[in-house]
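Chains, contacts and geometry: an overview
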Amino acid sequence: MAAKLSSCFLSHGWMRLNSNHSNVRFFFPSHTLRPASCKKRQRNFSSQHKRQIVKKASPDDPRIDAEVQLRGDEDTELENTSTNEISSLTQDIVVNDAMTTKQVDENDLSSLMTQDVKDFEMPPLFDSNSFLTLPVNNRTPYRKDPTPAGDTSSMNMGFEEKFSTIQLEDLIGMIRNAEKNILLLNQARVCALENLQNILKEKEALQGEINILEMRVAETDAKIKVAAQEKILVELLKEQLHKMRMELSGRVGSKASKFDMTAATDVPQLQKSNIHDLTEELSSLRVENMSSKGNVEAIRAELSNAMTADERVVMLEREHSLLEFAMKELELKLAATQEDVTKFHTLKLEYNKLWEKVENLQALLDKAAKQADQAILVMQQNHDLRKKVDHLEEFLQEANIYKLSSEKMQKYNELLQQKIKLLEERLEKSDEEIQSYVQLYQESIKEFQEILNRMKEESKKRALDEPVSDMPWEFWSRLLLMIDGWLLENKLSSSDAKMLREMVWKRDRRAYDTYLICKGKNEDETLAVFLRLTSNPTSSGLHIIHIAAEVAPVAKVGGLGDVVTGLSKSLQKKGHLVEIVVPKYDCMQYDLIRDFRALDVVVESYFDRQLFRNKIWVGTVEGLPVYFIEPHHPLKFFWRGQYYGEHDDFKRFSFFSRAALELLLKADKKPDIIHCHDWQTAFVAPLYWEIYAHKGLNSARLCFTCHNFEYQGTAPASELASCGLDVNHLNTPDRMQDSSAHDRVNPVKGAIVFSNIVTTVSPTYAEEVQTPEGGRGLHTTLNSHSRKFMGILNGIDTDLWNPATDTFLKVQYNSTDLQGKSENKEALKKLLELSSADATQPLIGCISRLVPQKGVHLIRHAIYRTIELGGQFVLLGSSPVHHIQREFEGIASHFQSHEHARLILKYDESLSRMIYGASDMFIIPSIFEPCGLTQMIAMRYGSIPIARKTGGLNDSVFDVDDESIPVQFRNGFTFSTPDEQGVNSALDRALSRYKEDRASWQQLVHKVMSIDFSWDSSASEYEELYHKSVARARAAKRA
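Quick caveat, the model's predicted, so the values are computed rather than measured. (Residues numbered from 1 in each chain as written. Predicted model: local features only at pLDDT ≥ 70, side-chain atom pairs only at ≥ 80, totals over all residues. Heavy atoms only, no water.)

Considering the sheet that holds strand S16 (residues 872-876)
Quick reminder of the rule: By this definition, two strands are paired if DSSP reports at least two bridges between them. Numbering of helices and strands runs from the N terminus, with a helix taken as a DSSP run of H or I at least four residues long and a strand as a DSSP run of E at least two residues long. Orientation is described by lines fitted to C-alpha atoms, with helices fitted over the stretch in contact, and by angles between N-to-C directions that extend from 0 to 180 degrees. We call two residues contacting when some pair of their heavy atoms lies within 4.5 Å.
The strand order across the open sheet built from six strands is S17-S16-S15-S18-S19-S20, with neighbouring strands paired in parallel fashion. For this open sheet the edge positions go to strand S17 (901-904) and strand S20 (973-975), each flanked by a neighbour on one side alone. The sheet shows a mean angle of 15 degrees between the axes of neighbouring strands, taken without regard to direction. Here three bridges tie strand S19 (residues 944-948) to S20, and the two strands are oriented parallel to one another. Directly across from arginine 948, in S20, lies its bridge partner phenylalanine 975. The sheet strands contacting helix H24 (residues 909-918) are strand S15 (843-847), S16, S17 and strand S18 (921-924), and the helix crosses S15 at an angle near 145 degrees.

Below you can see the structure in the form of structure tokens.
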């Protein structure tokens, strides 16, 4: 690139000059140093065009001459100035002053090289008539000095006479400015030499290009000559061909005429004597004719070659003209370059003149520096004297203070003596009071002992009535299941069973003591001991029975099982009797059930106009009593190897719903609340009011919770008759008829109509499903029953999801000690063979079913976007939709050996906990999300959620940058639009915050781990709904 030098250096009104012979720096105001002869002009061609020319002349081309031939006198001068001399000159500059070897900033160089220096003159520094005082702020004004530069003696005398008027600080400022200016002069000199080197290199490149073009021209001339010779040869061949044709035609004519004449005179003689000669001659003519044809073909081929040669000649002439034009352009550019080199010679001369002036100024500055040193010594002496004076003044002040304090001390001693006398008097009085208090204390001790004895006796009596709180709920659930087993086996009356249930419900100590007494006894003896309990306790709690298709962790597919278990445990802790009824699947995790056993009882239930037997199993799950129903049906409803997804799911779960109510009826249970979940047990509500309320099972109020309105379990109306319901009565628009087809029934709609309480899993989702877009056809029904419909945000089991006790983690940790989270992150990377080179690299986790609801296209985009932004991504989940599963299998195969991404397309409980514990962020880009538990679990484990604002996500994740949300509630990154731009807006902000502000990120992690997502508050809301519904029912009965 061609270098450009500036004729003057302008910055904020100052001109800077450099020198490589001194460390002294000086500044001059630009309005006094700008020469009148300083002119600017624009270059004839740009540096970019020069770069293009240099690129064309490749140094590897063997045709380029090694030496550059220079033209004209100016070229000769540049050739004499060799590159070695320039480099040696630069080394001298570096040796003279190390300060000048600093690299000039690229921005400063670009500004310095925007103009060409044509002329530069250094004006005189001082005025013989006047000298302005230097100000303190390092701006040193001067006036022009008419004295010639060579006459330095008079200038020095004037300077010495007026130096006394200059203040010391102003002199120091002038010296500093002079040092700066000299440094800038040195830098400008180095730049000029570097620019000269660049121009020489460009000239060499241009000369090489010219040599190449000349060689090409010579080659073109040679080709033209060859083409001309070929053209002449073609013309000669044409003439020969023409002669041969003429000769051939003459010979043929003569032979024919001779033959005719002989035939006319003597045909018989000709036939006898010359027939043989004619035949031979005719054959020779034929042979000659064939050879002539061959020659003609060869001549034609040569003619075609000649025509081709003509075309090549034309093309070569065009190329020759183009090369000549290019040579002219290069000659013009070379001439412009030579002009620039000439200007550098003039610049060098001006620089030498300027340097002479700088040396003169240096001599003056040396003298000024000596006088400044003397002035500094005087100032130091004055400063020492000032310190001594200040020390004496301080000592005098201390003496005055001490004098005042001594007077105050005398007064203070007098006051102390007076106070001592008063204290002695008070001490005598206090001794008397203490003796009286001692007597009162002895009397109070006697009274306290008597009271303590009475309290001990009362506590012993109260201990018999208070509940036992030190036994786990699993113990009481075992007792409850034992009593129900006796009842179902007809070993116990319903009234006795009710009485014993209430004792267990209250955790009565007598039931506990009785159980301990019965240890080691057989069942009959144990039953006899329990029948001796005659107390009739009352309970303020509620009897709640959950009928569901899942219970965690035994039978779990999605969040339904977690909700049933978590809500039941929380209600149990609040003092309510909670039981759960679920199907007995063949694929359950039986090892997680405690005290699992079958009851010696058979419950028969109606289905398809028949009675089918059901075997009842009992056990405790997470301390909760659970009943498992095993149908003895020929279709083996729950022996399919999976929970859902069968073609006859409608029949399977309608059968289970009726069998569950049959169990409650046979066990003579009188629950206050029957709580059913999702469409699989939505049949309970119409079955209860249409059939079982008339059979005596009428104490309960029905609560129905729909966890996802996307799944409604619709089926042909005729299938509803299998469980004993009246199709004609229920298949109406105001009951169970599906809104999309009159011949189909909707179990969820029936549960909404027949239940006393209808809930869903978050307030926002409750609002969304009452709209046509979110209601999936049930918005009209929900709006008509809106008085009993509300959304309650789910919670999580904080005992189950606790990083401080989670055994699946390599290292347990909590919100006050996050070191364990980093170690879990490294362990997961090692397990999945991800890169561990950068411990601070963010890791984003995603655990989800890969269905359209979860925003699979956004999950896919998030994987690539995370890697693009320098993060790592781990996905755990699978899809029941085959094409989605295949698509993600392809992505997993693509990232199989990638060091920053891994996809595990299955569900793994232990791996999911490791991902929660290791990830820095957790993405949930759902299209719609009724509640979602993953964001709560992620925050529990210190992973910051990145979620779309929908459903329960909108009720639990609040953007850290949303100023409309109070600061204490901001806990994640959210986006609204379900597209790639929305994901980018949240993901980019999260990764940027993680990388750029680690302190605030750690505070955010601590905050989210401290948020209470337990079931306590949610269970309280359900408890309030239960109580209100039961109270309304009891009031209605009394009325």
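Having seen it, we continue.
Side note on the environment of glycine 870
Positionally, glycine 870 belongs in the loop between helix H22 (856-868) and S16. A C-alpha to C-alpha distance of 7.9 Å links glycine 870 and proline 842, two positions 28 residues apart in sequence. Those residues in contact with glycine 870 that sit more than four places away from it in its chain are Gln841, Pro842 and Lys995.

Concerning a negative patch on the surface
The criterion, for reference: Two joining distances apply to patches: 9 Å for like charges and 5 Å for nonpolar side chains (Val, Leu, Ile, Met, Phe, Trp, Tyr), and every residue must have over 30% relative accessible area and no salt bridge. Method for areas: the Shrake-Rupley scheme with a 1.4 Å probe, in which residue coverage is limited to the protein chains shown. Any carboxyl oxygen of Asp or Glu that lies within 4 Å of a side-chain nitrogen of Lys or Arg is treated as forming a salt bridge with it. Residues scored as positive are Lys and Arg, those scored as negative are Asp and Glu, and His as well as the terminal groups of each chain are ignored. Working definition for charges: the position is that of NZ of Lys, CZ of Arg, CG of Asp or CD of Glu.
On the surface, Glu424, Glu425, Glu428, Asp431, Glu432 and Glu433 cluster together to form a negatively charged patch. Mapped onto the elements of the fold, glutamate 424 is located in helix H9 (residues 275-465).

Regarding the pattern of salt bridges
Rules: Working definition: with a 1.4 Å probe on protein chains only, accessible area under 20% of the residue-type maximum means buried, over 50% means exposed, and in between means partly exposed.
Using the criterion set out here, one finds 29 salt bridges in the structure. For aspartate 649, the salt bridge is made with arginine 652, and the minimal N-O distance between the two is 2.6 Å. Taken together, the residues aspartate 649 and arginine 652, both in helix H15 (residues 649-666) and three residues apart, mark about one turn of the helix. Considered together, aspartate 649 and arginine 652 belong to a single accessibility category, that of buried residues. The closest approach of N and O atoms between arginine 1034 and aspartate 672, which form a salt bridge, is 3.6 Å. With arginine 1034 in helix H29 (residues 1016-1038) and aspartate 672 in the loop between H15 and strand S9 (673-677), this pair connects stretches of sequence that are 362 residues apart.

Structural notes on unusual backbone geometry
With the exception of glycine, most residues fall at negative phi, and the peptide bonds are largely trans. The omega angle of the peptide bond from alanine 552 to proline 553 is 0 degrees, so this bond is cis rather than trans. Tracing the sequence through the fold places proline 553 in the loop between strand S4 (543-547) and helix H14 (559-573). Its identity is not glycine, yet aspartate 595 carries a phi of approximately 55 degrees, on the positive side. If you trace the backbone, aspartate 595 turns up in strand S6 (residues 594-607). The phi angle at arginine 609 is positive, at roughly 60 degrees, despite the residue not being glycine.

Let's talk about the sheet that holds strand S7 (residues 610-621)
Working definition: the strands of a sheet are paired by backbone hydrogen bonds and lie parallel or antiparallel to each other. Taken together, the nine strands give an open sheet; going across it, the order is S6-S7-S8-S5-S4-S9-S10-S13-S14, and neighbouring strands pair in mixed fashion. Looking at strand neighbours, the two that pair on one side only are S6 and strand S14 (789-791), the edges of this open sheet. Between one strand axis and the next, the sheet turns by 25 degrees as a mean value, whatever way the strands run. Across four bridges, the pairing between strand S5 (residues 577-583) and strand S8 (residues 624-631) is parallel. Its bridge partner being in S8, proline 583 is matched across the sheet by isoleucine 629.

Describing a nonpolar patch on the surface
Together, Met409, Tyr412, Leu416 and Ile420 make up a nonpolar patch on the protein surface, roughly 370 Å² of accessible area in all. Relative to the assigned elements, tyrosine 412 resides in helix H9.

Observations regarding the confidence of the model for the protein
We apply this condition: Every residue gets a pLDDT, meaning the predictor's confidence in that residue, from 0 to 100.
Scored by pLDDT, the protein has a mean of 78; 78% of the residues are at 70 or more. Low pLDDT, under 50, characterises residues 534-538; the stretch is placed with nine contacts to residues that sit more than four places away or in other chains.

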